[in-house]
Amino acid sequence: MKNNFPNLNEQMDLINSNLSEIVPDNELEKKIESSIISNTPLNIKFGCDPSMPDLHLGHSVILNKLRQFQDLGHHAVLIIGDFTAMIGDPSGKNKTRPKLSLEQTTLNSKTYVDQAMLILSEKNLSIKKNSKWLSKLNFNEIIDISSKYTVARMLERDDFTKRYSSGIPISIHEFLYPLAQGYDSVAVESDIELGGTDQKFNLLVGRALQKDFNKNPQCVITMPIIEGLDGKEKMSKSNNNFIALTDKPNEMFGKTMSIPDSLIVKYYQYCTDVSLDILKDIREKIDKKTCNPRDLKLDLASKIVEMYYSCNDATKERENFVNVFSKDSIPDNIDEYNLSNTEETIISIIVNAKVVSSKSEARRLFKQGAIKLDSQKVSDPFILIKSNQNSIIKIGKRKFLKVN
C-alpha cells in the first residue's frame, strides 16, 4: 500500500516548527528522505511515566508534535513507562525520587491512553507498556546493558553533576533509569524519539544503546518545557502548577486566566494550534501594549477549552468568568456539599469536599484572606455552618461550593 507522504521540504517545515533541537540535525533529513523513497513510515517514539494519574498541558507540547508526525504518515509509538516509573526519573531533581510500586503505576496508567487520545489519532499508533520487556530482563542482561555506559558519562548529566559536587547522595538505581528508558528505543526500534529539553541526556542514551545493539540509531527531537501557573517552575502535578487535560472546563478556563502575562505568547505557541500570523499579531499587541493582556488570556482560555471540549463549553465558561470576576456574581453551576451532620466547621467542609488538598493548604488560604462565606471574608477556619443556611463558600479566585 502506497503512503502519500508529503515531500521532504513540506515535512521538514512542519517538523521544525516549535521544537528546541534536533540531534543530529543532518540525519533527520536523511531518514525522512529514505522513508519517502522506500514508502515506509518512520517509528516515532514518545514515552511518559505514569508517576501521576493525569497528563497536563506540558505533556501536550510533545503529544502535539507526535500528532504532526502521524499526520505526515509516520507511525507513533507511545510508551507507557509503567516499569520505569517504579525507578523514578531523577531529571531536574536534587534528591532521589520515592519509588512507586507496579500497582501504583498500573493504576495511574489506566487513563493515560484515553487522555493521550485527546490529541493523538487512532491511526498510525502503537501503545506499549515497557514492563513487557524490561520486567523480563535477567540480571546477566542488566549487567550487559550497564556495561555499555560509564559512571563518568552518567555524571555528565547536569542534575547528577550538581548532586555529586554538592555531596547529595545518588542511588545506583538512578543510573539505571536512563539505561532503562534507552533500552525502550532498542525494544521498539524507534527512528526518532521525542522528549522535553530536560530529557536530552536520556534520549541520547537510547541512541547510544541502539548502536551497541546493532540497530539504526534514532534521531532525537527535544521540545521546550513550559512553565506552570506560577510562571517559574516546570509545569507538573508535584509542583501543583498544572492544567490537566481532564480538568473540567471551568477549571481549565480559570487556571489559564491565572497564568502570568509573561506566559501568554508561550502558551499560545505551544499549547494551541493558532497560525503563525495570529501568533505574530499577539506578539505585536503585547510588545506595543495595544491590547489588555486580560483580553488575550480570555481568548487563550477559550481556545484551550474549545480544543479539549467544545466551542459551546468555551463560550459558556468565558461568559461565566466575565460574570464572576467583572460583576462579582456566582456561576450557575457550582459543586454542592451535603452536610453529614446538622453543622460542620468551614475548614472541615472544604477539605472533605476536596476543594483543597489538605488542612494545611486550607489554613494557608484562610490566613491569606482567600476564603469567603456568603461574600464575606472569613479568617476563622472553625466557624460552624448549619445545614439549613444554604451558604456559598468561595475558595480562592475560582472555586465555589454550595453547602446544603
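Residues numbered from 1 in each chain as written. Predicted model: local features only at pLDDT ≥ 70, side-chain atom pairs only at ≥ 80, totals over all residues. Heavy atoms only, no water.

Draft legend 1. Main features of the overall build of the protein chain. Helix and strand counts for the protein chain stand at 19 helices and 13 strands. By the compact-globule yardstick of 22 Å for 404 residues, the protein chain fits well, its C-alpha radius of gyration being 24 Å. Across the 404 residues of the protein chain, 47% fall into the buried class. Taking the contacts inside the protein chain whose residues are at least 6 apart along the sequence as the reference set, 72% of them involve residues at least 24 apart. (Helix = DSSP H or I, 4+ residues; strand = E, 2+ residues; numbered from the N terminus. Rg over C-alpha atoms; globule rule 2.2 N^0.38 Å. Buried < 20%, exposed > 50% of the residue type's maximum accessible area, 1.4 Å probe, protein only. Contact = heavy atoms within 4.5 Å.)

Draft legend 2. Broad picture of the pattern of salt bridges. Summed over all chains, the structure comprises 18 salt bridges. We note a salt bridge from R163 to E174, for which the minimum N-O separation is 2.8 Å. Linking R163 in helix α10 (residues 158-165) with E174 in helix α11 (residues 172-188), this pair joins segments that are 11 residues apart in sequence. Exposure class is identical for R163 and E174. Each is buried. (Salt bridge = Lys/Arg side-chain N within 4 Å of Asp/Glu carboxyl O.)

Draft legend 3. Broad picture of the confidence of the model for the protein chain. Averaged over the protein chain, the pLDDT score is 90; the fraction of residues at 70 or greater is 96%. Here helix α5 (residues 102-109) stands out as the least confident element of the protein chain, with mean pLDDT 82; strand β6 (residues 219-223) is the most confident, with 98. (pLDDT = per-residue confidence, 0-100.)

Draft legend 4. Looking closely at the layout of surface pockets. Quantified by volume, the largest pocket comes out at close to 1500 Å³. If you trace the largest pocket, you find 45 residues lining it, with E251, K255, V355, R398 and K399 closest to the centre. Elements with a minimum of two residues in the lining of the largest pocket: α13 (249-257), α17 (311-327), β7 (335-337), α19 (359-367) and β13 (399-403). Counted by class, the lining of the largest pocket contains 17 nonpolar, 11 polar and 17 charged residues. (1 Å grid on protein atoms, 1.4 Å probe; cavity = no way out; pocket = protein on both sides within 12 Å on 5 of 7 lines; lining within 4 Å. Points joined across faces, edges and corners; volume = space filled by probe spheres on them. Nonpolar A, V, L, I, M, F, W, Y, C, P; charged D, E, K, R; others polar.)

Draft legend 5. Just the nonpolar core, in detail. One finds L28, L57, I192, I221 and Y267 to be the most contacted residues of the largest nonpolar core, which totals 61 residues. Residue contributions to this core peak at seven residues, all from helix α16 (residues 293-308). (Core = buried A, V, L, I, M, F, W, Y, C linked by side-chain atoms within 4.5 Å.)

Draft legend 6. Structural context of the sheet that holds strand β9 (residues 371-373). Taken in spatial order, the five strands of this open sheet run β7-β13-β12-β9-β10, and their pairing is mixed. Each edge of the open sheet carries a strand with a single partner, namely β7 and β10 (376-377). By the bridge criterion, two bridges tie β9 to β10 in an arrangement that is antiparallel. In the strand pairing of β10, L373 is matched with Q376. (Pairing = 2+ DSSP bridges.)

Draft legend 7. Geometry of α5. Taken as a whole, α5 has its buried residues at T105, N108 and S109. Projected down its long axis, α5 shows its buried positions confined to an angular sector of 95 degrees, all on one face. Among the exposed residues of α5, those oriented more than 90 degrees off its buried face are E103 and L107. Contacts made by the buried residues of α5 are with β3 (75-80), α4 (84-87), α6 (112-116) and β4 (125-129). (Arc of directions from axis to C-beta.)

Draft legend 8. Molecular detail of the environment of K397. Tracing the chain through its elements places K397 in the loop between β12 (391-395) and β13. Residue classification places K397 among the exposed residues on the basis of a relative accessible area of 65%. Sequence spacing of K397 and S258 is 139 residues, and the spatial spacing of their C-alpha atoms is 8.9 Å.

Draft legend 9. Looking closely at the environment of R363. Position of R363 relative to the elements: it lies in helix α19. Under the relative-accessibility criterion, R363 is labelled partly exposed at 39%. Taking C-alpha positions, R363 is 7.8 Å from I347, a pair spaced 16 residues apart along the chain.

Draft legend 10. Quick look at the pairing of β12. Burial analysis of β12 places five of its five residues in the buried class, the great majority of the element. Note that β9 and β12 share three bridges and pair antiparallel. Note on β12: the bridge partner recorded for I371 is I395. With five bridges joining them, β12 and β13 adopt antiparallel strand pairing. Across the sheet, the residue bridging to I393 is L401, located in β13.

Draft legend 11. Representation of the side chain of S121 in the model. Within the secondary structure layout, S121 lies in the loop between α6 and β4. Look at S121 and you get buried, because its relative accessible area is 18%. A distance of 3.1 Å separates a polar atom in the side chain of S121 from the backbone nitrogen of K123. Other than its neighbours up to four places away in sequence, S121 contacts R67 and Q70. (Polar contact = N/O pair within 3.5 Å; in protein donor to acceptor, adjacent residues only side chain to side chain.)

Draft legend 12. Looking closely at the state of the cysteines. For the structure shown, the criterion picks out zero disulfides. Here C48 is not cross-linked by a disulfide; its sulfur's nearest cysteine counterpart is in C271, at 16 Å. The closest cysteine sulfur to the non-disulfide-bonded C311 is located on C271, 20 Å from its own sulfur. Residue C311 is classed as partly exposed on the basis of its relative accessible area, which comes to 45%. (Disulfide = S-S within 2.5 Å.)

Draft legend 13. Representation of the packing of aromatic side chains within the structure. For the structure on display, the rule yields four aromatic pairs. Seen in terms of ring centroids, F160 and F175 are 5.2 Å apart; in terms of plane orientation they differ by 75 degrees. Their pairing is edge-to-face. With F160 in helix α10 and F175 in helix α11, the pair connects residues that are 15 residues apart, well separated along the chain. A relative accessible area of 0% means that F160 is categorised as buried. F175 sits in the buried class, given a relative accessible area of 15%. Here F253 and F321 contribute two aromatic rings whose centre-to-centre distance is 5.7 Å and whose plane-to-plane angle is 45 degrees, an arrangement assigned as tilted. Placement of the pair is F253 in helix α13 and F321 in helix α17, with a sequence separation of 68 residues. Considered together, F253 and F321 belong to a single accessibility category, that of buried residues. Against the face of Y149 rests R153, its NZ or CZ located 4.1 Å from the ring centre. Positioned over the ring face of F242 is K255, at 4.4 Å from the centre of the ring. (Phe/Tyr/Trp six-rings, centres within 6.5 Å; stacked < 30°, edge-to-face > 60°. Lys NZ or Arg CZ within 6 Å of the ring centre and 35° of its normal.)

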